[in-house]
Amino acid sequence: VDDLIADFIAECREMLEALGGEIVAWEASPDDRARLDSIFRFVHTVKGNCGFFEFPRLEALSHAAEDALADVRSGRRHADGHLVSAVLAIIDRIGEMIGAIDAGEEMPAGDDSALIDALAPGAEGAATPLTATIAEAAGKASAAPRTIRLSVELLDRVMSTVSDMVLARNELARRLRESSSDVPVDGAFERLSSIIAEMRDAITRTRMQRIENLFVALPRMVRDLSAELGKQILVDIEGGDVELDREMIEMIRDPLTHIIRNAVDHGIELPAERLKAGKREIGILAVSARQSGNQILIDIQDDGRGIDGAKLVDKAIASGTLDKAAAAQLTPREQLALIFEAGLSTAKQVTAISGRGVGMDVVRSNVERIGGIVEVDSRLGEGTRMTLRVPLTLTIIPALTVSIGSQHFAIPRSAIEEIVRANGESVVLEHLGGAGVATIRGRRVPEVSLAQILGLPSELNEEDRTLIVLRPAGGDVYALSVDRIHDHEELVVKPAAPAVMATGLYAGTTLADDGSPILLFDPAGLAEVGGVRLEAQERTARIAEGPATNAGPKFTPVLLFRGLDGARRALRLAVVDRIEEVPADAIREAAGQLRVQVGDSILPLAGARAEDLGDGKVRLFRLNDGSQELGYAFREVIDFAAIEHDVIHAERPGEISGVTLIGGEPAELVDAHWLFANHVGAAARTGDELLCKLPSDDPWMQNMLRPMVEAAGYRVIDDDDASVADLVIASQGDVIGEGDAAQTIWLRTEPEPKGKKDDTIYRYDRAGLLMALKSAGAGRGK
Amino acid sequence: MNELLLVVTIGGERVALPSASVESVVELDTLIPVPRAAPHVAGLSALRSRVLTVIDCMRSLELGVTDCSDGIREAAVVELDGHHYALLVDLVEDVVEALSDPAPVRAAMGPGWERASQGMVETETGPLLLVDVAALIAGAEAKAA
């Protein structure tokens, strides 16, 4: 029976969690049958099971709720605020009881009859202001995928076994490398390796959870809070389908709750105040999640009274955390950031909901502990936006391993801006009053020695070390000198013990391939312990940067993309003007090459063959060499990157000038010069002008058409000019002399062509005219 | 009454740890120091795929420093708040049964012992000091907090 009870409790818990949001949504639209049904299902399930297990109080409660809901379902009763509150109270009581059963405790004392009486029609209950919810994807509760329930401990055990397996595999790999190689053994080992990698992926995915699990409880929470405070708040939730590491969801639960409590309590005003301020009575609290790179952004936005930066500054001065001189120099953003300082709150009074001494400083430190940051943005009287940025997963972080003396450490890749040698030609190391300053390509950055921060002996002289330029999340750059750089690795990072975290230097621990522990640095912590002042440094760096921009960066920024043929290519970023999307039929083969019509200009098109284009949309880069333009078709942009490795140059000049490694994979470098030379060179040959004959007696031609023809690079001559022109433009029906020109463009006045053979161009078809002008010019070379 | 105790020697003194909190007894060979951590944090070590934070009990109790230079050390592995710790001890002796509830020690002890003591328990081999694992992990710095 114990097993059955455990199952019952687990089931109830799960339903309770999902219900929180449903009930509030149901209150907003009492006619929503799907919501009503799911609540009904819950009480019904509880009632059924209670009879079986002999929990008479649970049974009485759920029975009463079921009866009331059944009345609503059959239309005998209307769901009003009272009923919803009464049902909520009953569900809460059921939750308490289930918790007690689970813990093996006595049932919470209390008389349930009051709760049951409150269900009766017309019963007196606390009047609750209505809270509405716009939940994303209404009715999502139905048709859940097939699932089983697993204990988290079991999953964790599987995860750690897989980690052990990876370590064992690495050990085996090392042994295999040392011993003589045997092809069949190697083959089998490779197979094993790939299976393990696959398994690790799958296990990692099991740890992912939709952030919805965190969000479902919010509408209910806001409803209860706003009821208590007499406020009216509309909750708008978005992005519940974003997936996040399960552990991470737990870690952000408290900070998120706290921010929302703050917004409800201090941010959004009472209805009367809102009306006075010219706002709608109902405040809006928008919570949204989205993924950006390997971060998850959670925005909590209210349209309340906002944060008064000046007040914060006054408070900070009063409490002694800030002196007056420093306060005067704060930017508005820095003023707002004071909210994260310990012991500051602009709330006039401490209420039961927030302001209980657990301030925003705790929120910030909790978020930072998991490698995230909190940002605040607010306009007085208009609202506040808090943004939580947290990494996608706690567990796997790309990192760079470095060493000082004999000890290895890891630095998160996300914070690394670049790596330079201390004795490189673009780097100057100086000491000012004992503090290190590195000038890297003209940019001054504070330099700290890792050996010094850690108090470890270093084997190398200062100038033989390597500088890692770090940009901590939300902070400014500084350079860290280390002895040696080792490897880029994907590390499975675990939080370190509090005694280790207390140093402020580390973000966690991880295991190297050989099974020995490695400490992962927190770049912001390193700076702090190393005494780098990140704020003050920003201005000086900017000054030094001015003249240095011409010194030229050592690496070339490129745009990494996939061509229409699937090849991985890179283009120097500087030549790419912008990205355009055109329908495939805007690309035509004209005068020996593909040309694309973008807006009302026609560009030669490279990077594509007519047969690759298909029927849909084609995306292209618009390249610009300063005077000429060119299109380059591609399938997708992969990333912005930099050329860090040597370029292996192509043997023959062509579209591809060479191959290099970008992001660990080879990429073809597109030679922009060759593109221009071959695609626009012919059309732009300016050695001798192109001549175009226009009828001199046709005012439309002279006034309307002539400027356009001249803009296309032609010199316009009159039709009585004896010289042979490259092109003649004539209206349909005109008579032109034989041999007057190499080509003729016929214009017609009606928009529609007369027949299929009609190759005339409608005289206001600007694009068609331009296309014809271009191809006529390019065709001359033949 | 029949709580089991792990008898270990720290700084030459036989003391008892509640064996329910001890997961295993291991021999540590590698020790990676944690620069700038509190002095009683001897470093990190790995037990299979778990990272252990190694606590030098001698330092935690303000009795001196455990000599880690000779390599292999015995340690008791405990879990506290989801983190695993290895408590460096001189020697792990035995598991005995507690014959009494902890009783306060009325004589003056060293400050370190005072802080970590949970009282005196009777065992078959005589009275032993019951040491609080959390206090060992918190170390000497915690007393200010």
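Residues numbered from 1 in each chain as written. Chains lettered and ligands numbered in written order. Predicted model: local features only at pLDDT ≥ 70, side-chain atom pairs only at ≥ 80, totals over all residues. Heavy atoms only, no water.

Asker: Describe the overall build of chain A, with residues and values.
Answerer: When helices and strands are tallied, chain A shows 22 helices and 36 strands. By the burial criterion, 44% of the 782 residues in chain A qualify as buried. Sequence-distant contacts in chain A: of pairs separated by 6 or more residues, those separated by 24 or more amount to 64%. (Helix = DSSP H or I, 4+ residues; strand = E, 2+ residues; numbered from the N terminus. Buried < 20%, exposed > 50% of the residue type's maximum accessible area, 1.4 Å probe, protein only. Contact = heavy atoms within 4.5 Å.)

Asker: I'd love a proper account of the overall build of chain B, names of residues and values included.
Answerer: Counting its regular elements, chain B contains three helices and ten strands. Listing each helix as α and each strand as β along chain B from the N terminus yields β-β-β-β-β-α-β-β-β-α-β-β-α. Taken over 145 residues, chain B has a buried fraction of 48%. Of all intrachain contacts in chain B linking residues separated by at least 6 positions in sequence, the fraction that spans at least 24 positions is 58%. Total accessible area computed for chain B in this model is approximately 6800 Å², and 51% of it derives from carbon and sulfur atoms. (Areas by Shrake-Rupley, 256 points an atom, 1.4 Å probe, with all protein chains shown as cover.)

Asker: Break down the sheet that holds strand 26 (residues 617-624) of chain A for me, with residues and values.
Answerer: All names here are of chain A. Here six strands make up an open sheet; going across it, the order is 22-26-27-25-24-23 and the pairing mixed. The open sheet has two edge strands, strand 22 (576-583) and strand 23 (587-590), and neither has a second partner. Direction aside, the axes of adjacent strands within the sheet are offset by 40° on average. (Pairing = 2+ DSSP bridges. Axes fitted to C-alpha atoms, helices over the stretch in contact; angles between N-to-C directions.)

Asker: Just give me the short version of the environment of A:His488, but keep the residues and values in it.
Answerer: Residues and elements named next belong to chain A. Among the secondary structure elements, His488 is positioned in strand 17 (residues 484-494). Expressed as a C-alpha distance, the spacing of His488 and Arg413, which sit 75 residues apart in the sequence, is 8.2 Å. If we ignore the near neighbours within four places in the chain, the residues touching His488 are Ala399, Leu400 and Arg413.

Asker: Run through the interface of chain A and chain B, naming residues and quoting values.
Answerer: Taken residue by residue, the interface counts 27 residues in chain A and 17 residues in chain B. Looking at the side of chain A facing chain B, the largest losses of area belong to A:Gln407, A:Ala499 and A:Pro517, adding up to 27% of the total buried there. Across the chain A-chain B interface, the total number found is zero salt bridges. Sorting the residues of the side of chain A that touches chain B by element identifies helix 6 (152-178), strand 10 (407-412), helix 16 (450-454), helix 17 (498-501), strand 18 (506-511) and strand 19 (517-521) of chain A as the ones contributing at least two each. (Buried area = accessible area lost by both parts, 1.4 Å probe. Salt bridge = Lys/Arg side-chain N within 4 Å of Asp/Glu carboxyl O.)

Asker: Before we move on, can you summarise the sheet that holds strand 14 (residues 443-449) of chain A with the specific residues and values?
Answerer: Residue and element names in this part refer to chain A. Taken together, the six strands give an open sheet; going across it, the order is 11-15-16-14-13-12, and neighbouring strands pair in mixed fashion. A single partner strand is all that each edge strand has here, and the edge strands are strand 11 (416-421) and strand 12 (427-432). Along the sheet, successive strands turn relative to each other by an average axial angle of 30°, direction set aside. Along the sheet face, helix 18 (residues 523-530) touches strand 14, strand 15 (466-470) and strand 16 (478-482) and points at about 85° away from the line of strand 16.

Asker: Which residues make up the confidence of the model for chain A, and what values do they have?
Answerer: All names here are of chain A. Per-chain confidence: chain A averages 75 in pLDDT, with 82% of residues scoring 70 or above. Considering only residues more than four positions removed or in separate chains, one finds that residues 536-554, a stretch of pLDDT under 50, has 18 contacts. Here residues 683-687 is a poorly scored stretch, pLDDT under 50, and it has one contact once near neighbours within four places are set aside; other chains count. (pLDDT = per-residue confidence, 0-100.)

Asker: Lay out unusual backbone geometry in plain terms, naming residues and giving numbers.
Answerer: Residues and elements named next belong to chain B. Backbone geometry at Arg36 places phi at a positive 70°, although glycine is not the residue there. Mapped onto the fold, Arg36 is located in the loop between strand 3 (22-28) and strand 4 (41-47). Phi at Glu62 takes a positive value of approximately 60°, unusual for a residue other than glycine. On the basis of relative accessible area, Glu62 is assigned to the partly exposed category, the value being 39%.

Asker: Lay out the pattern of salt bridges with the relevant residues and their values.
Answerer: All names here are of chain A. In total, this model carries 18 salt bridges over all chains according to the counting rule given. Between Arg389 and Glu375 there is a salt bridge, with the nearest N and O atoms lying 3.4 Å from each other. You can see Arg389 sitting in strand 8 (residues 383-391) and its partner Glu375 sitting in strand 7 (residues 373-379), a full 14 residues away along the chain. Classification of Glu375 as partly exposed rests on a relative accessible area of 28%. Sharing partners across several salt bridges, the network here consists of Asp92, Arg220, Arg223 and Asp224.

Asker: Got a sec to walk through a negative patch on the surface? Specific residues and values, please.
Answerer: Residue and element names in this part refer to chain A. A cluster of acidic side chains, namely Asp697, Asp718, Asp719, Asp720 and Asp734, defines a negative patch on the protein surface. With respect to the helices and strands, Asp719 occurs in the loop between strand 33 (714-718) and strand 34 (725-731). Residue Asp719 is classed as partly exposed on the basis of its relative accessible area of 36%. (Patch = residues over 30% accessible without salt bridge, like charges linked within 9 Å, V, L, I, M, F, W, Y side chains within 5 Å. Lys, Arg positive; Asp, Glu negative; His and termini not counted. Charge placed at Lys NZ, Arg CZ, Asp CG, Glu CD.)

Asker: A description of helix 10 (residues 246-267) of chain A should follow, citing residues and the corresponding values.
Answerer: For helix 10 of chain A, with 22 residues, the first-to-last C-alpha span of 30 Å sits near the 32 Å given by 1.5 Å per residue. Where helix 10 of chain A bends most, the angle comes to about 35°, and this point is A:Arg253, followed within four residues by the proline A:Pro255. (Expected span 1.5 Å × (residues − 1). Bend = angle between axes of the 7 residues up to and from the residue.)

Asker: A description of the nonpolar core should follow, citing residues and the corresponding values.
Answerer: A:Leu450, A:Leu454, A:Leu480, A:Tyr506, B:Leu17 and B:Leu87 are the most contacted members of the largest nonpolar core, which has 59 residues in total. The residues touching A:Tyr506, leaving out its near neighbours within four places in the chain, are A:Phe409, A:Leu454, A:Val500, A:Met501, A:Leu519, A:Leu520, A:Phe521, A:Asp522, B:Val34 and B:Pro35. Residues A:Met221, A:Ile259, A:Phe340 and A:Val390 belong to the second largest nonpolar core, which totals 46 residues. (Core = buried A, V, L, I, M, F, W, Y, C linked by side-chain atoms within 4.5 Å.)

Asker: So, the packing of helix 6 of chain A against helix 7 (residues 183-206) of chain A: which residues are in play, and what are the values?
Answerer: All names here are of chain A. Interhelical geometry of helix 6 versus helix 7 gives an angle of 155° and a closest axis separation of 10 Å. Between helix 6 and helix 7, the angle falls in the class roughly antiparallel. Remark: the crossing between helix 6 and helix 7 carries left-handed chirality. Residues Leu155, Val158, Met159, Val162, Met165, Val166, Arg169, Leu172, Ala173 and Leu176 of helix 6 touch helix 7, and the partners they reach there are Val185, Asp186, Phe189, Ser193, Ile196, Met199, Arg200, Ile203, Thr204 and Thr206. A class-by-class count of the residues in the contact of helix 6 with helix 7 yields 14 nonpolar, three polar and three charged. (Parallel < 35°, antiparallel > 145°, perpendicular 65-115°, else oblique. Left-handed = near helix turned anticlockwise from the far one by under 90°. Nonpolar A, V, L, I, M, F, W, Y, C, P; charged D, E, K, R; others polar.)

Asker: Help me get a handle on the packing of helix 3 (residues 56-73) of chain A against helix 4 (residues 81-103) of chain A, residues and values and all.
Answerer: Helices that pack against each other are described as a pair by the angle of their axes relative to one another and the distance between those axes. Residues and elements named next belong to chain A. At a minimum axis distance of 10 Å, the contact between helix 3 and helix 4 shows a crossing angle of 150°. The orientation of helix 3 with respect to helix 4, classified from their angle, is roughly antiparallel. As for how helix 3 packs across helix 4, the hand of that crossing is left-handed. Together, Arg57, Leu58, Leu61, Ser62, Ala65, Ala68, Leu69 and Val72 of helix 3 and Leu83, Val87, Ile90, Arg93, Ile94, Met97 and Ile101 of helix 4 make up the contact between the two elements. Its residues placed into classes, the contact of helix 3 with helix 4 shows twelve nonpolar, one polar and two charged.

Asker: I'd like to hear about the packing of aromatic side chains, residue by residue, with values.
Answerer: All names here are of chain A. Enumeration over the complete set of coordinates arrives at six aromatic pairs over all chains. Pairing Tyr506 with Phe521 gives two aromatic rings, centres 5.7 Å apart and planes at 15°, and the pair type is stacked. Here the residue Tyr506 occupies a position in strand 18, and Phe521 occupies one in strand 19, the gap between them amounting to 15 residues. Residue classification places Tyr506 among the buried residues on the basis of a relative accessible area of 3%. Within the aromatic cluster, the residues linked to one another by ring pairs are Phe561, Phe621, Tyr632 and Phe634. (Phe/Tyr/Trp six-rings, centres within 6.5 Å; stacked < 30°, edge-to-face > 60°.)

Asker: Describe the pairing of strand 6 (residues 73-80) of chain B, with residues and values.
Answerer: Residues and elements named next belong to chain B. Bridge count between strand 3 and strand 6: six bridges; the pairing is antiparallel. The residue bridging Val25 from the neighbouring strand is Ala76, located in strand 6. Taken together, the seven bridges between strand 6 and strand 7 (residues 83-89) define a ladder with antiparallel strand orientation. Following the sheet pairing, Val77 is matched in strand 7 by Ala86. The antiparallel pairing of strand 6 with strand 7 creates a hairpin that spans two residues between the two strands, and Asp81 there sits at a positive phi of about 50°.

Asker: So what's going on with helix 4 of chain A? Residues and values would help.
Answerer: Between the first and last C-alpha of helix 4 of chain A there are 33 Å, a value that for 23 residues agrees with the 33 Å anticipated at 1.5 Å per step. Where helix 4 of chain A terminates, the next one or two residues include A:Gly104, which has phi positive at roughly 70°.

Asker: Describe the side chain of A:Ser62, listing the residues and the values that go with them.
Answerer: With respect to the helices and strands, A:Ser62 occurs in helix 3. What A:Ser62 contacts, discounting residues up to four positions off in sequence, is A:Val43, A:Val46, A:Lys47 and A:Ile94.

Asker: Break down a nonpolar patch on the surface for me, citing the residues and quoting the values.
Answerer: All names here are of chain A. Where nonpolar side chains cluster on the molecular surface, the patch consists of Ile148, Leu150 and Leu154 and spans about 300 Å² of accessible area. Examined against the element boundaries, Leu150 turns out to sit in the loop between strand 1 (133-134) and helix 6. Judged by its relative accessible area of 46%, Leu150 is partly exposed.

Asker: Talk me through the environment of A:Ser288; I want residue IDs and the actual numbers.
Answerer: Residues and elements named next belong to chain A. Tracing the sequence through the fold places Ser288 in strand 5 (residues 283-292). For the pair Ser288 and Asp299, spaced eleven residues apart in sequence, the C-alpha to C-alpha distance is 5.2 Å. Beyond its immediate stretch of four places on either side in the chain, Ser288 contacts Glu238, Leu297, Ile298 and Asp299.

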